[in-house]
Amino acid sequence: MSVLVGYTSEPRGKDALKLGCIFARSFDAKVDIVMIILRERASVVMPDASYDMMVEEQAQAWMEEAIEGSNLTIRTHIRYADSAEEGLLDAVVELKPTMLVISGSKRSMLGRLSLGSVGQALMATCPVPLALAPRGMRDLKIKALTRVTVGADNRPGNKDLLAYACSVAKRSEVPLRIVSWVATQDLPDVPSHSRVQEKAEQHIQDVREQAEILLGADYPIELELTEGNSIEEAATNTDWRESGLAVLGSSQLAQPRKLFMSSVASKIMRAIPVPLVVVPRDGADPISVLGDTHGE
């Protein structure tokens, strides 16, 4: 099992590496980090082998400096590509990681998530779960996950989402939390609110029963129903831990085994202050065999 980190020399590259190392400790996994050198940039100034070697040496030095003292098994890679997303996708195909970890946009607010151009491109093409590190994660004193949160998603095309979240929780030996976010702004009256709340509570209980089948009745499973005027406000009102992880599914519009973030998931992403994993539609292989114990 391995985690692939898309690394850059910018500070946010260390955010992604920090999250990759947290996953490695939680999953007992190896870490691969890759830096993508754009071909056009590598050839503009001095199109010869000596310049390419200089660029590679600098990239290697940046990665070695970043991983120094991590006490983890980390392999470094350098790839040339026409774009960062192309290079990362090629690395995914070659290295076959459990997931790909990247940082968010450099314009993200501290502790928040937003997608840059590379993240947006990967959201439409990545064939493995894509993890996003919030800005500033590199400075948090976190070594491993302490809870996994999954949205109570019953849409067609996301049948593997709960199984994936359960496998992450079990592999990490942490509680699973199932959350339902309810937007109340457009509800016309109190009876409508009560009906929506009752339906959400019933659904979250149904999801819990499914999780207990996968994890066992004694596994620690938490339920939370959070309301707000909007989905974003409901997600903001949720109790988040710095050491937690959120798991969301892809849109019904996604192709099988591909990512595509829905508008609702995008709103939730912008509201949460923890790392996020977006799971491909009908194609997320569990990171551990449910029913086995960690380390076996």
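Cut-off values and rules
Residues numbered from 1 in each chain as written. Predicted model: local features only at pLDDT ≥ 70, side-chain atom pairs only at ≥ 80, totals over all residues. Heavy atoms only, no water. UniProt positions renumbered as here; feature names shortened; annotations may be inferred. Helix = DSSP H or I, 4+ residues; strand = E, 2+ residues; numbered from the N terminus. Expected span 1.5 Å × (residues − 1). Buried < 20%, exposed > 50% of the residue type's maximum accessible area, 1.4 Å probe, protein only. Contact = heavy atoms within 4.5 Å. Polar contact = N/O pair within 3.5 Å; in protein donor to acceptor, adjacent residues only side chain to side chain. Phe/Tyr/Trp six-rings, centres within 6.5 Å; stacked < 30°, edge-to-face > 60°. Lys NZ or Arg CZ within 6 Å of the ring centre and 35° of its normal. Core = buried A, V, L, I, M, F, W, Y, C linked by side-chain atoms within 4.5 Å. Domains from an automatic or database assignment.

By the naming in an unreviewed UniProt entry, the protein chain goes by UspA domain-containing protein and is assigned to Winkia neuii BV029A5. Taken from UniProt, the Sequence similarities (unreviewed entry) comment for the protein chain reads in full: "Belongs to the universal stress protein A family."

1. So, helix 1 (residues 11–27)
Look at helix 1: 25 Å from first C-alpha to last across 17 residues, which is about the 24 Å you get at 1.5 Å a residue. Of all the 17 residues making up helix 1, 13 are buried; the element is thus mostly covered by neighbouring parts of the structure. Looking one or two residues past helix 1, Asp 28 carries a phi angle of roughly 55 degrees, positive in sign.

2. A closer look at the environment of His 77
As for its position among the elements, His 77 is in strand 3 (residues 74–81). Taking the C-alpha atoms as reference points, His 77 and Asp 32, separated by 45 residues in sequence, lie 7.3 Å from one another. Those residues in contact with His 77 that lie beyond four places of it in its chain are Asp 32, Ile 33, Val 34, Met 35, Met 63 and Leu 95. Here the side chain of His 77 touches Asp 32 through a polar contact of 2.7 Å, side chain to side chain.

3. Section: the packing of aromatic side chains
Applying the stated rule across the entire model yields two aromatic pairs. Ring geometry for Phe 23 versus Phe 27: centroids 5.3 Å apart, planes at 10 degrees, classification stacked. You can see Phe 23 and its partner Phe 27 sitting in helix 1, four residues apart, about one turn around the helix. Across this residue pair, the class does not change: Phe 23 and Phe 27 are buried. Its guanidinium or amino end placed over the ring of Trp 240, Arg 177 lies 5.0 Å from that ring's centre, counting from NZ or CZ.

4. Brief notes about unusual backbone geometry
Negative phi values dominate among residues other than glycine, just as trans dominates among peptide bonds. In this model, Asp 28 sits at a positive phi of 55 degrees, which is unusual for a non-glycine residue. By secondary structure assignment, the location of Asp 28 is in the loop between helix 1 and strand 2 (30–38). Taking relative accessible area as the criterion, Asp 28 reaches 56% and is therefore assigned exposed.

5. Some details on helix 6 (residues 161–172)
Under the 1.5 Å per step criterion, the end-to-end length of helix 6 is 17 Å for 12 residues, consistent within 8% with the ideal 16 Å. In terms of residue burial, helix 6 counts as a mostly covered element, since 12 of its 12 residues are buried. Of all the positions in helix 6, only Leu 161, Leu 162, Ala 163, Tyr 164, Ala 165, Cys 166, Ser 167, Val 168, Ala 169, Lys 170, Arg 171 and Ser 172 are classed as buried. One or two steps after helix 6, the chain reaches Glu 173, where phi turns positive at roughly 60 degrees.

6. Comments concerning the nonpolar core
Phe 23, Met 99, Val 101, Leu 176 and Ile 178 are the most contacted members of the largest nonpolar core, which totals 54 residues. The biggest single contributor to this core is helix 1, with eight residues. Inspection of this core shows a minimum of three residues originating in each of domain 1 (1–39 + 52–137) and domain 2 (145–277). Leave out the neighbours within four places in its chain, and Phe 23 touches Val 3, Asp 28, Met 99, Val 101, Ala 131, Leu 145, Leu 245 and Val 277. With 36 residues, the next largest nonpolar core counts Ala 81, Ala 91, Val 128 and Ile 231 among its residues.

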